[in-house]
Amino acid sequence: MNGRVRLLTSLAWRNVRRQARRSSLTAAAMIVGLALLMFSRSLAEGAHEDWIDAGVRLGSGHISVQSPEFRDRATIEHRISPRQIEQIQEALSADIIAAEVTATAPRITVRGLASSAAGARPVVIMGVDPELESAFSNLGDKLAEGRYLQPGDRLHAYIGTALASRLRLRLGSRLVLTAQDADGEITGQLARVAGIFESGIPTVDEGLIHIPLTTAQEWLAAEGELTTFAIVLRSSKSVASTFESIVSRLANSSGLSVLSWHETMPELDGAVRVDDFGDMIFHGILLSIVALAIVNTVLMSVLYRVREFGVLRALGLSQVQTGSVVFIEGLILTISSGFAGMILGISLTMLFFHDGLDFSFLFDSELTMAGIVIDPIIIPTFTTSLILNSVAFITLIGVLSSFYPALHAARVDIAESMKFEA
Amino acid sequence: MTHNTDTSVKTEGVWKIFQTDGLSIEAVRDVSLVIGAGEFVVLAGPSGSGKTTLLNLLGGLSHPTKGRVWIADTDITDMSERELARMRLERIGFVFQAYNLLPVLSAKENAEFPLLLRGVAEEERERLVSELFEKIGIGGLEHRRPSKLSGGQQQRVAVARAVIGKPALVLADEPTANLDREASRALLDLMVTLNRDLGVTFVFATHDNELMERAGRLIHLVDGEISSDNKQVLR
Ligand SMILES: Nc1ncnc2c1ncn2[C@@H]1O[C@H](COP(=O)(O)OP(=O)(O)O)[C@@H](O)[C@H]1O
Ligand SMILES: [Mg+2]
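Residues numbered from 1 in each chain as written. Chains lettered and ligands numbered in written order. Predicted model: local features only at pLDDT ≥ 70, side-chain atom pairs only at ≥ 80, totals over all residues. Heavy atoms only, no water.

A.B. asks: Is there a simple way to explain the sheet that holds strand E4 (residues 66-71) of chain B in this structure?
C.D. replies: Paired through backbone hydrogen bonds, the strands of a sheet run either parallel or antiparallel to each other. All names here are of chain B. Across the sheet, 4 strands lie side by side as E2-E1-E4-E5; this open sheet has antiparallel pairing. At either margin of the open sheet sits one strand with a lone partner, and together these are strand E2 (23-36) and strand E5 (74-75). As paired elements, strand E1 (residues 7-20) and E2 share 10 bridges and run antiparallel to each other. Following the sheet pairing, Ile17 is matched in E2 by Glu26. Sitting on the sheet, helix H1 (residues 51-58) touches E1, E2 and E4, and the angle it makes with E1 is about 125°. (Pairing = 2+ DSSP bridges. Helix = DSSP H or I, 4+ residues; strand = E, 2+ residues; numbered from the N terminus. Contact = heavy atoms within 4.5 Å. Axes fitted to C-alpha atoms, helices over the stretch in contact; angles between N-to-C directions.)

A.B. asks: Would you take a moment to explain the side chain of Asp75 of chain B for this structure?
C.D. replies: Residues and elements named next belong to chain B. With respect to the helices and strands, the residue Asp75 is situated in strand E5. One polar contact links Asp75 to Arg68, side chain to side chain, over a distance of 2.7 Å. Separated by 2.5 Å, the side chains of Asp75 and Thr77 make a polar contact. (Polar contact = N/O pair within 3.5 Å; in protein donor to acceptor, adjacent residues only side chain to side chain.)

A.B. asks: Explanation requested: the pattern of salt bridges in the structure shown.
C.D. replies: Where charged atoms of side chains with opposite charge meet at close range, the side chains can pair. All names here are of chain A. Per the stated rule, a full pass over the model turns up 38 salt bridges over all chains. With a shortest N-O distance of 3.4 Å, Arg166 and Glu206 are connected by a salt bridge. Of this pair, Arg166 sits in helix H6 (residues 161-166) while Glu206 sits in helix H7 (residues 202-207), and the two are 40 residues apart along the sequence. Residue classification places Arg166 among the partly exposed residues on the basis of a relative accessible area of 42%. Overall, Glu206 belongs to the partly exposed group, its relative accessible area being 29%. (Salt bridge = Lys/Arg side-chain N within 4 Å of Asp/Glu carboxyl O. Buried < 20%, exposed > 50% of the residue type's maximum accessible area, 1.4 Å probe, protein only.)

A.B. asks: Would you mind showing me how to read the pairing of strand E9 (residues 228-233) of chain A here?
C.D. replies: For a regular strand, side-chain orientation follows a simple rule: the groups alternate between the two sheet faces. Residue and element names in this part refer to chain A. Within E9, 6 of the 6 residues are buried, which leaves it mostly tucked inside the rest of the structure. Neither face of E9 is left uncovered, since the one carrying Thr228, Ala230 and Val232 and the one carrying Phe229, Ile231 and Leu233 both have all their residues buried. By the bridge criterion, 4 bridges tie strand E1 (residues 63-66) to E9 in an arrangement that is antiparallel. Each bridged residue has a counterpart across the sheet, and for Ser64 the counterpart in E9 is Ala230.

A.B. asks: In this structure, what is going on with empty space enclosed by the protein? I would like to understand it.
C.D. replies: In this approach a probe as big as a water molecule rolls over the atoms, and the regions it shows empty are the leftover space. Scanning the entire structure with this criterion turns up 4 cavities of 30 Å³ or more. When its volume is computed, the largest cavity comes out at roughly 110 Å³. Forming the boundary of the largest cavity are 13 residues, of which Ile92, Gly93, Pro114, Arg161 and Ala162 of chain B lie nearest the centre. Taken together, the elements giving at least two residues each to the lining of the largest cavity come down to helix H2 (81-91), strand E6 (92-95), helix H3 (107-118) and helix H5 (151-163) of chain B. In terms of residues, the lining of the largest cavity owes the most to one element, E6 of chain B, which gives 3 residues. Of the residues in the lining of the largest cavity, the class split is 8 nonpolar, 2 polar and 3 charged. In this structure, the second largest cavity occupies an estimated 70 Å³ of space. Asn15, Val16, Gln19, Arg22, Ser23, Thr26, Thr297, Val298, Ser301, Glu329 and Leu333 of chain A are the residues that line the second largest cavity. For the lining of the second largest cavity, the secondary-structure elements that each account for two or more residues are helix H1 (2-18), helix H2 (20-58), helix H11 (266-304) and helix H13 (319-353) of chain A. For the lining of the second largest cavity, the per-class residue count stands at 3 nonpolar, 6 polar and 2 charged. (1 Å grid on protein atoms, 1.4 Å probe; cavity = no way out; pocket = protein on both sides within 12 Å on 5 of 7 lines; lining within 4 Å. Points joined across faces, edges and corners; volume = space filled by probe spheres on them. Nonpolar A, V, L, I, M, F, W, Y, C, P; charged D, E, K, R; others polar.)

A.B. asks: What am I meant to see in the packing of aromatic side chains here?
C.D. replies: Aromatic ring pairs are reported here in terms of the distance separating the ring centres and the angle at which the planes meet. Residue and element names in this part refer to chain A. Scanning all chains against the criterion turns up 5 aromatic pairs over all chains. Their ring planes at 85° and their centres at 4.7 Å tell us that Tyr148 and Tyr158 sit as a pair that is edge-to-face. Of the two residues, Tyr148 is situated in the loop between strand E4 (143-146) and strand E5 (156-160) and Tyr158 in strand E5; the sequence distance between them amounts to 10 residues. Accessibility classification places Tyr148 together with Tyr158 in one group, the buried group. The rings of Tyr148, Tyr158 and Phe197 are connected pair by pair, giving a single aromatic cluster. (Phe/Tyr/Trp six-rings, centres within 6.5 Å; stacked < 30°, edge-to-face > 60°.)

A.B. asks: For this particular structure, what's the right way to read the site of ligand 1?
C.D. replies: Around ligand 1 lies a shell of 14 residues, among which Glu416 of chain A together with Gly48, Lys51, Thr52 and Thr53 of chain B are the nearest. The residues that come close to ligand 1 belong to more than one chain, namely chains A and B. In this structure, a nitrogen atom belonging to ligand 1 sits 2.8 Å away from a side-chain N or O atom of Glu416 of chain A. Between ligand 1 and the protein, one listed contact pairs an oxygen atom with a backbone N or O atom of Ser49 of chain B at 3.2 Å. If you list the elements that add at least two residues to the shell around ligand 1, you get E1, E2 and H1 of chain B. (Near = heavy atom within 4 Å.)

A.B. asks: When you look at the sheet that holds strand E8 (residues 202-206) of chain B in this model, what are you seeing that I'm missing?
C.D. replies: Residue and element names in this part refer to chain B. One open sheet holds the 6 strands; their spatial order is E6-E7-E8-E3-E9-E10, and the pairing between them is mixed. Since the sheet does not close on itself, it has two edges, and those belong to E6 and strand E10 (225-231), each with one partner. On average, each strand axis in the sheet is inclined to that of its neighbour by 15°, with strand direction left out of account. Direction of pairing for strand E3 (residues 40-44) relative to E8: parallel, over a ladder of 5 bridges. Residue pairing for E8: Leu43 is matched across the bridge by Ala205. Relative to the sheet, H2 contacts E6 and strand E7 (169-173), its axis offset from that of E6 by approximately 80°. Packing against the sheet, H5 makes contact with E6, E7 and E8, and its axis sits at approximately 170° to E6.

A.B. asks: Is there a simple way to explain the packing of H2 of chain A against H13 of chain A in this structure?
C.D. replies: A pair of packed helices is captured by two measures, namely the crossing angle of their axes and the spacing between those axes. Residue and element names in this part refer to chain A. Packing of H2 against H13 leaves a shortest axis separation of 7 Å and a crossing angle of 40°. Considering their axes alone, H2 and H13 lie oblique with respect to each other. H13 is crossed by H2, and the crossing has right-handed handedness. Seen from H2, the contacting residues are Ser23, Thr26, Ala27, Met30, Ile31, Leu34, Ala35, Met38, Phe39 and Ser42; seen from H13, they are Leu333, Thr334, Ser337, Gly338, Ala340, Gly341, Met342, Leu344, Gly345, Ile346, Thr349 and Phe353. Here the contact of H2 with H13 is composed, by residue class, of 13 nonpolar, 9 polar and no charged. (Parallel < 35°, antiparallel > 145°, perpendicular 65-115°, else oblique. Left-handed = near helix turned anticlockwise from the far one by under 90°.)

A.B. asks: Just checking my understanding: could you explain unusual backbone geometry for this structure?
C.D. replies: Generally, phi is negative for residues other than glycine and the peptide bonds are trans, each holding for most cases. Residues and elements named next belong to chain B. Phi is positive for Asp30, close to 50°, though the residue is something other than glycine. Asp30 gets classed as partly exposed once you look at its relative accessible area, which sits at 46%. For Lys166, which is not a glycine, the phi torsion comes out positive at approximately 50°. Mapped onto the elements, Lys166 comes out in the loop between H5 and E7.

The following block contains the structure:
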């Protein structure tokens, strides 16, 4: 039996080689298709990683730890105690987690009012650790004037351009922040503008203020406490596993809820999904065209060799064995050219675009989506899952597009196929 | 049921009726015959008389509309495609009019194909092929592709492939139709020799009068029916 499989395979292999022209046509379709697929998938992966990274840095990280009620009602009432902060930090110190974490940000986030002589605006006030926060969020890089918060700052505030113009604030101007404190009292805090940023996102530029964490804790009567502990990982790909690890390590600490960016940033999550879905349709169409091209060439070669299949059957090959020859031919063609296309796609993409593709020519101003600014430079990214998926795709196309021609060959009517047109 | 191992192939009241466009064509009509092991039979008849259709029935390439067919003592009438394939592999050799050979295989690989399918060991295959190629007069051509062989040489390789597995029956459907007179004679000589020396049973369809005279037994087919069936002395 093994010998027969070898015989049929060697026959198929020689048939592929004999029909070099037809084979190379099929191979070309597959190579171009796969190369395009690899290129476009790597761009999508790279773009999504950018979106997610930008989004989670401005938001509450790939993963955040909060009090369970904070998610529904983001008030200072629902806090994390110093003991719980210790538990979180201990959980994060585990090797498998620490290896994935690139930045953490302890924060107190409250809604309040910012007022100046010119008026008052509703704002989100974030008490942040200047050092940790500047490694975490990219807000410090969006500086328009002045500077970002620094360690040792007390009454300094970092505000957006839109808020500055609404409240007619300049560097060094004073403003009063008002919010409810931990005891439920409305209290005010004086601050001075140390820096002004322009993120490009209207809601952020209009309504976000960073102040030193210690100032916020004192002001809001929440000494040593936080509302959110935010975590950024090396890559969004490791969110699922790291999330699980953190959850299991915090299982014994009551009153803590671990959230992933999928939950804290549903709009961003939705945007990535929609984009992935669009890609899926595009790739589906691309691959269907490739598959049709393959079915077509393999089928043509079958129709043209009907007599050969008649001979094989007369020699005693069963229908299954006869079909197998064609099936193996199809697999050899699609799988070898599929891998060639995949490797070509990866190497060309990495050769020419390893520094990223600049799409800024497409937009005249900054492009925002789901509340984040999109980086117009996309660095193509190849992930293991992308490559595994592509291998599965190639095999699937190979199997699907070889099956019909194989069926056709298996069903050849021997008597008919051996007839001579006199 | 017959249990006569001296029978190579046998039919009883075999019909093949084709239905095309509401027209039914009786290509083979009520044919009953017994061909013994070691016979050399020429199936003669004009074009369209049903020679090919009858050979296909004898070789299990198609099913009879009515009647029964035995190969040796095995009734193949109701065999499945799978069983027929196995039966062909083990008991029947075919030589067609032309394009018998697989173009991607060398002469030797074509000839040994049935042995490969049966899992015969390499040494044994080597021996059988080289012996046969010598006998058939194509020694030295083992490694040529069919496209590099003459029509007569190709048919010799096809005959080698048909007889190499010592089948119960070799069916040859106008194997000389595409050959010139000389090559036709030579191919027929070869088959007669193989029949005489190795006892291979041949059923050989032709409408060539000269070739008919060489038959040990001549069966005439007219409109799908046997019109005469005569043993004659081999010359
Ligand atoms: N598949 C078929 N469908 C319809 N008619 C057929 C078919 N095969 C053969 N015939 C008819 O059967 C008759 C016998 O054909 P065939 O056996 O090929 O004759 P021969 O081989 O003696 O020339 C012819 O009339 C032919 O047209
Ligand atoms: Mg015929």
